[in-house]
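# Observations on the model geometry
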Amino acid sequence: MLNQSRKEILQNTAANHRDNLRKSLQRRLEAARSSGNDDLVRKLEAEAEYLGMN
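Below: a short report on this structure. (Residues numbered from 1 in each chain as written. Predicted model: local features only at pLDDT ≥ 70, side-chain atom pairs only at ≥ 80, totals over all residues. Heavy atoms only, no water.)

## So, the overall build of the chain
Inclusion rule: By the criteria applied, helices consist of DSSP H or I runs no shorter than four residues and strands consist of E runs no shorter than two, each listed in order from the N terminus. The size measure is the radius of gyration over C-alpha atoms, and the globule rule it meets is 2.2 Å times the number of residues to the 0.38 power. Classification of residues uses two cut-offs on accessible area relative to the type maximum, computed with a 1.4 Å probe and protein chains only: under 20% is buried, over 50% is exposed, and between them is partly exposed. Here the accessible surface of atoms and residues is derived via Shrake-Rupley with a 1.4 Å probe, and residues count as covered only by protein chains that are part of the display. Counted as positive: Lys and Arg. Counted as negative: Asp and Glu. His and the chain ends are not counted at all. Taken as the charge centre is NZ of Lys, CZ of Arg, CG of Asp or CD of Glu, depending on the residue.
What the chain contains, in helices and strands, is two helices and zero strands. Here the C-alpha atoms of the chain give a radius of gyration of 16 Å, more than 25% beyond the 10 Å that 2.2 N^0.38 yields for 54 residues. Along the first, second and third principal axes, the C-alpha atoms of the chain reach 50 × 15 × 10 Å. Across the 54 residues that make up the chain, the buried fraction comes to 11%. Put simply, the chain shows about 4600 Å² of open surface, and 50% of that area lies on carbon and sulfur atoms. Separation between the mean location of the 10 positive side-chain charges and that of the 8 negative ones in the chain comes to 6 Å.

Here it is, written out as structure tokens:
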């Protein structure tokens, strides 16, 4: 019982972390695009690809 609860907590934590990474990356991409920083956009898109967030 306790192990299952711990497993669920760890899974939820990992999911929240991935979601926060995705949101942060999306905000950074929007800022780079709106400022016309194409080099940074390419780097952030590569980061998204690396993290499997496309």
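Once the structure has been displayed, the description carries forward.
## A short note on helix H2 (residues 38-51)
Because each turn of an α-helix spans 3.6 residues, side chains separated by three or four positions in sequence point in the same direction. Keep this limit in mind: Under the convention used throughout, the expected extent of a helix is 1.5 Å for every residue step, that is, one less than its residue count. Directions pointing from the helix axis toward each C-beta atom define the arc.
Between the first and last C-alpha of H2 there are 20 Å, a value that for 14 residues agrees with the 20 Å anticipated at 1.5 Å per step. Buried within H2 are the following residues: Val41, Leu44 and Ala48. Here the buried residues of H2 occupy an arc of 70° about the axis, which is enough to place them on one side. Opposite the packed face of H2, turned more than 90 degrees from it, sit the exposed residues Arg42, Lys43, Glu49 and Tyr50. Backbone geometry just downstream of H2 places Gly52 in the positive-phi region, at approximately 70°.

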